[in-house]
Amino acid sequence: MTASVNVPLNSRGKIAASLPAEQLAEITALFEFRRTGYSLDAPFYTDASIFKVDMEAIFGQHWIFAASTAELPEPGDYVTVDYGPYSLIVLRNDDGGVNVLHNVCRHRGARVLTDAAGSTGNLVCGYHSWTYSPEGNLIHASAPGETKFDKSCFGLKRAHGREVAGLIFVCIADEPPTDFDETAKIFEPYLAPHDLSKTKIAYQQNIIEEGNWKLVMENNRECYHCDGHPELACSLFPTWGLTEGLIPPHLEEVWNRNKEAQSSLEERCRRYGLPYEVVEQLDTRIAGIRISRESLDGEGESFSADGRRLSKKLLGDLPDFRLGRCSMHLQPNSWFHFLGDHVITFGVFPINEHQSLVRTTWLVADDAVDGVDYDLEKLTYTWKQTNLQDKAFVELCQQGAGSPAYEPGPYMKSEYQVEAFINWYVQRVQEHLA
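Everything quoted here is computed from the prediction, not taken from an experiment.

Caption draft 1: Representation of helix H8 (residues 416-433) in the model. With 18 residues, H8 extends 26 Å between its outermost C-alpha atoms, agreeing within 8% with the 26 Å of an ideal straight helix rising 1.5 Å per residue. Most of H8 is tucked away: 13 of the 18 residues are buried.

Put into structure tokens, the structure is as follows:
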């Protein structure tokens, strides 16, 4: 038996090499002539070839949010992360770091680990029991009669992983974008006081939305539709994304209340030495980011009907529950809310051109007790409802994109972050196809 060569995933040629010239020209033209300030043409949401481009140019090249520290608390703990054609194992190693391995056995290609999460010592493929170390080295393979079988040539293929402020990111590119280092320096001071290393999972929700991953991200990047989120509007000011001159009459009182709450929040942040300023670099860097600390309505503590805390346990070294929410958006697949009493992470994992998995995880202090310090139903209620509402909105858009009557419509001024996301996406794909 001769050894197969462990070819780096991204040295096999760009997507351009596998597409007919005419089809590639059509795709390239769609990107080149995209109308600024308008939604994308229908094929961006419905075409399987463009989805394939997305998987190579975006999810195959950039840092992707995969999980939180709380999901891998001990050595041997793992999660499997699937998107498009890829499946990755993210595993806590004995040194406290993370190993990221492609979940593809080097024998016949079977999935090695089939559970979404768990704990393991060595990794054993269920098909023919090929066994790998946590580092991906092949340590056992029954090979009767094989005299030239070199186990060192058949380790699991590795990808890149890194952990920043309690968030775990993966990248399958041979050489990941280096500007993520600068982005990490931006958000780490905002997240550090919440100390995700001392949190645990209260609940995790997986929803499959019948919509292209870009529609999921676009929906998240604006609050123009927030009238459709009555539960969320109890605590999240529906004027988010608006500025002076854009406030409709029915929201003027809310806008004024928001300004007062934000002023009070910023005063507390200055007193406690917490960063709160808006940093917005969504389409001006490769690892696009927006982060800020923003006030909440009511008591200003959490996502509840009256804005009061949903857990009695403060996170990390935070001095006060009335700290609004630290909101972060990262390109291309995640957003987060960091509050005084809990954290919510959101990750979007494309399945195909018309389906996406949205994974929402609620984190609380690791010593918080359900039924004593928090009520799980109350903790998760607002965003469970909001996620279902967003699912419906995304699916309406996917249905519309499939209609012959569809044509791109203009983004409103309050949807500037949607434009920034699309601008980022177009830039990254064009760079990859060049």
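Moving on, there is more to tell.
Caption draft 2: Broad picture of the state of the cysteines. In total, this model carries one disulfide according to the counting rule given. With its sulfur 1.9 Å from that of its partner, Cys223 forms a disulfide with Cys226. Given an S-S torsion of about -110°, the disulfide between Cys223 and Cys226 has left-handed geometry. When sorted by exposure, Cys223 lands in the same class as Cys226, which is buried. Looking at Cys153, it has no disulfide partner, and the nearest cysteine sulfur is the one in Cys105, 15 Å off. Residue Cys153 is classed as partly exposed on the basis of its relative accessible area of 28%. Looking at the unpaired Cys397, the closest cysteine sulfur is the one in Cys226, lying at 14 Å.

Caption draft 3: Summary view of unusual backbone geometry. Omega for the bond connecting Gln331 with Pro332 falls within 30 degrees of zero, at 5°, which places this linkage in the cis form. Within the secondary structure, Pro332 is located in the loop between strand S14 (325-330) and strand S15 (334-338). Despite not being glycine, Ser129 has its phi angle at roughly 65°, a positive value. Structurally, Ser129 is set in the loop between strand S6 (123-124) and strand S7 (131-132). Positive phi, normally seen in glycine, also occurs at Ala165, with a value near 50°. By secondary structure assignment, the location of Ala165 is in the loop between strand S9 (158-164) and strand S10 (167-171).

The rules behind these values
Residues numbered from 1 in each chain as written. Predicted model: local features only at pLDDT ≥ 70, side-chain atom pairs only at ≥ 80, totals over all residues. Heavy atoms only, no water. Helix = DSSP H or I, 4+ residues; strand = E, 2+ residues; numbered from the N terminus. Expected span 1.5 Å × (residues − 1). Buried < 20%, exposed > 50% of the residue type's maximum accessible area, 1.4 Å probe, protein only. Disulfide = S-S within 2.5 Å.

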